[in-house]
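The primary structure of each chain is shown beneath.
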Amino acid sequence: MSVLVVAAHDGKTVRANVANAVAAATQIGGDVHVLVAGSGAGDAAKEAAAIAGVAKVLQAEDAAYANWMAEDVAALVVKLAPGYGHIVMAADNVGKNLMPRVAALLDVAQVSEAIQIVSPDTFVRPIYAGNAMATVQSTDKIKVVTVRPTNFKAAAGGGSAAIEQIGGAGSAGLSNYVGAEISKSERPELTSAKIVVSGGRGLASGENFKMLETLADKLGAGLGASRAAVDAGYVPNDYQVGQTGKVVAPDLYIAIGISGAIQHLAGMKDSKTIVAINKDEEAPIFQVADYGIVGDLFQIVPELTAAIEKK
Amino acid sequence: MKVLVAVKRVIDYNVKIRVKADKTGVETANVKMSMNPFDEIAVEEAIRMKEKGKATEVIAFSAGPAQCQETIRTALAMGADRGVHVLSDAELQPLAVAKLMKAVVDKEQPGLVIVGKQAIDDDSNQTGQMLAALLGWSQGTFANKLEIGEGVAVKREVDGGLENVMLKLPAVITTDLRLNEPRYASLPNIMKAKKKPIEQLTSEALGVDVAPRLKTLKVEEPPTRKAGIKVKTVAELVEKLKNEAGVI
Ligand SMILES: Cc1cc2nc3c(=O)[nH]c(=O)nc-3n(C[C@H](O)[C@H](O)[C@H](O)COP(=O)(O)OP(=O)(O)OC[C@H]3O[C@@H](n4cnc5c(N)ncnc54)[C@H](O)[C@@H]3O)c2cc1C
Ligand SMILES: Nc1ncnc2c1ncn2[C@@H]1O[C@H](COP(=O)(O)O)[C@@H](O)[C@H]1O
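The structure presented is a predicted model; accordingly, all values stated were derived computationally and were not measured.

Which residues make up the sheet that holds strand β3 (residues 54-61) of chain A, and what values do they have?
Residues and elements named next belong to chain A. Taken together, the 7 strands give an open sheet; going across it, the order is β5-β9-β4-β1-β2-β3-β10, and neighbouring strands pair in parallel fashion. The open sheet terminates on both sides in strands that have one partner only, identified here as β5 (110-114) and β10 (162-165). Adjacent strand axes in the sheet meet at a mean angle of 25°, parallel and antiparallel pairs treated alike. Of the pairings in the sheet, the one linking strand β1 (residues 2-6) to strand β2 (residues 32-38) comprises 4 bridges and is parallel in character. Residue pairing for β2: V6 is matched across the bridge by L35. Packed onto the sheet, helix α1 (residues 17-28) meets β1, β2, β3, β4 (84-90) and β9 (143-147) and runs at close to 150° relative to β4. Against the sheet, helix α3 (residues 70-80) touches β1, β2, β3 and β4, its axis set at about 150° to β2.

Before we move on, could you go through the packing of α3 of chain A against helix α4 (residues 93-105) of chain A and cite the residues and values that matter?
Residue and element names in this part refer to chain A. Contact geometry of α3 with α4 gives a least axis separation of 9 Å together with a crossing angle of 50°. In terms of orientation, α3 lies oblique with respect to α4. Between α3 and α4 lies a crossing whose hand is right-handed. Contacts between α3 and α4 involve A70, E71, V73, A74, V77 and V78 from the first element and N97, L98, R101, V102 and L105 from the second. Here the contact of α3 with α4 is composed, by residue class, of 8 nonpolar, 1 polar and 2 charged.

Give me the lowdown on the site of ligand 2, citing residues and values where you can.
Residue and element names in this part refer to chain B. Inspection of the region around ligand 2 gives 19 residues, with D39, A63, A119, N125 and T127 positioned closest. Here an oxygen atom of ligand 2 and a backbone polar atom of A6 are 3.4 Å apart. Within the backbone of G116, one N or O atom sits 3.0 Å away from an oxygen atom of ligand 2. When ligand 2 sits alone it has 480 Å² of accessible area, and the protein chains cover 98% of it. Among the elements of the structure, β4 (57-64), α3 (94-108) and β6 (112-116) are those that each provide at least two residues to the shell around ligand 2. Take the shell around ligand 2: its biggest share by element is 3 residues, from β4.

Cut-offs and rules
Residues numbered from 1 in each chain as written. Chains lettered and ligands numbered in written order. Predicted model: local features only at pLDDT ≥ 70, side-chain atom pairs only at ≥ 80, totals over all residues. Heavy atoms only, no water. Pairing = 2+ DSSP bridges. Helix = DSSP H or I, 4+ residues; strand = E, 2+ residues; numbered from the N terminus. Axes fitted to C-alpha atoms, helices over the stretch in contact; angles between N-to-C directions. Contact = heavy atoms within 4.5 Å. Parallel < 35°, antiparallel > 145°, perpendicular 65-115°, else oblique. Left-handed = near helix turned anticlockwise from the far one by under 90°. Nonpolar A, V, L, I, M, F, W, Y, C, P; charged D, E, K, R; others polar. Near = heavy atom within 4 Å. Polar contact = N/O pair within 3.5 Å; in protein donor to acceptor, adjacent residues only side chain to side chain. Areas by Shrake-Rupley, 256 points an atom, 1.4 Å probe, with all protein chains shown as cover.

Okay, here's the thing in C-alpha cells:
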C-alpha cells in the first residue's frame, strides 16, 4: 500500500516539516505520494517533487484550497484516501486542524503526534505533556497519522518525482478565509532553528524582550516564550513553546526567566543542549538544564550577549 | 441559540503523573481530578454569550464515569444551565466522544458547540474537528476570539500568528488559551448548581459504538535527562557551550 503525505505550503514553498513527514512515511514503507492542494501552487508542487523518497506528487488546483480551509481540503483528501494505507501529515497547526476532520469522515481514529513508527500499524506518541509514552496499535484499515517533525530527520533533496494534476473538489461553502495577522520576522523559524532563545515571565515586560532579540540575533537564533509571557502580552501567541504550543528540539535552547513547568518542558526537553538562566536556584528548569546559571537575568543576559561573537 | 460545551474530567494539570508499574496506563487512584483547562475556557465563552444575549441556554456535556457529574456541576456552578452526562466506564477515544456528542447535538439542536482544543491527558487535539466532520459543520479551531453575528467570526491562533475566518452557523469551535480568562464559581452559584438538572444517557441508548480503534499496547516513562551542572560565570558558560557542547 502507498502512503499519502499531505503538504502544507504557502503556494511558493512547502513547509520545511513536509520533508520530516516524508521521512516518517518512508519508514512506514510503500510508495510515498505527496498531495499539494492549492491555488497557483505549481512552485510548491515542484519543491515537493524534489524531496528524496517521493514517488509522485498530486497537485490539486482549486481556488477553494488557497487558504487551507479544513472543510474543503478534507473533502479532497477523503476522496483520495481509498488508494492509500496511510495518510500522514506534520503535526503543525495546519495538520492538527485538517487531519482529525479527514479521519472522522473516513470513520477511523487518528494517531496524534507520533514520535516513532514501530511498525506500519504501531506508533509511539507522548501523552500527559510528554510525561508518558504510549505505544498504540491502529485497528483501522486506513491509518491517519500526524507526526512530530522534530522526531524524524528531514528527507534530503535531489529527488525528481512526477507531478500529476488531479483537479479539485470545489468548496463546501461552510467557511471563508478573511485574512491573517502574521508576525513578520527575519529570525529563523522557531521549530527549525538550530538555536532557540526563550523568555518567560521573568522578563517582566514586552519591552525587555528586546534584550533577548539582541542575543538571538547574535546567535542566529529563533525566539520563543513561555505561556506566561504570551498571556501577559509580552510576545505574540506563535512564540509559545510547550505542551499546547510549539515543540522545538534545537541544538541549543536557552531558557531565560522560565521556571520550567511540565507544560513548558513538554515543548523543549528534546533539545540537545539546554541552558537555564534563573534567579531561583530551586526552579525546576535546572533539572533538565545541561548548564544552569543562577542569577538576575537583567545582569546575565547583557553579559552573555557581549561575550558571544557575532555569527 | 443553544450552545453545547464539552467538559472532560482529567487529572489536574498540577499533578505530576506516574506511570503504572505494569505499563497499562497512568495511576489515577487518589489523584486530583479537574475540568480540562481548555474546557473551562469553553464554558466561560458560552456563559459570556448568554450574558450578552447571544445564547439562550448553555448545556454542558461530559462523557465518562459517574464522577463526570462533578465536572458538569463545576460547569453549572460557573453558569451553565443544565448538563448531559453519557455514563461510560469504557475508554473513550476522540472519535467515540465525537459520535456521542453528535448524537446529543442531533437531539438538542444547538447553534454552536464549543470544546477545548486539546485534552491535557491524551493530548489528542481531535474531538472538535471530528465532531464538525460528522455533523458536516464548519470548524473554528484554536480560537483566540469569537464574534457571533450572521455567522461566527473566529480569530485563530496559527503557526505564524493569527488568522481570521468567517464560519457559517451552526459551527464547532475549539478554544485556545487566550480566548478568555475563566471565572471562579461563587459560593451562591455553587449552591444553585446543585439544583440544576443533569440528564444521564448511555452510549447504548444513543446507539453509538464506542469501541476503541487504537489499542494501547503499553505506556512507559519517557527517557529522563541527566541533570547538568551549574556554572558560576557567563565566561564559564560560554566556554562550555563552545568547547564541551560545541553548540556555539
Ligand atoms: C492547559 C495548560 C496548557 C499550558 N501550556 C503551556 C505551554 O504550551 N507552554 C508553556 O510555557 N506553559 C504552558 N502552560 C503554563 C505553565 O503551567 C506555566 O504556568 C508557565 O510555563 C509558566 O511560565 P514562566 O516559567 O514564564 O513563568 P513562572 O512560572 O512565573 O516563572 C518565571 C521564572 O522567572 C524567574 N525570574 C523572575 N525574575 C527573574 C530575574 N530577574 N532573573 C532571573 N530569573 C527571574 C523566576 O525565578 C521564575 O522561575 C500551560 C498551562 C495549562 C494549564
Ligand atoms: N470524555 C469527554 N467528555 C467531554 N468532553 C470531551 C471528552 N473527550 C474530549 N472532550 C472534548 O474534546 C476536547 C478535545 O479533546 P481531545 O480531542 O481528546 O484532545 C476536550 O477539551 C473536551 O472539550
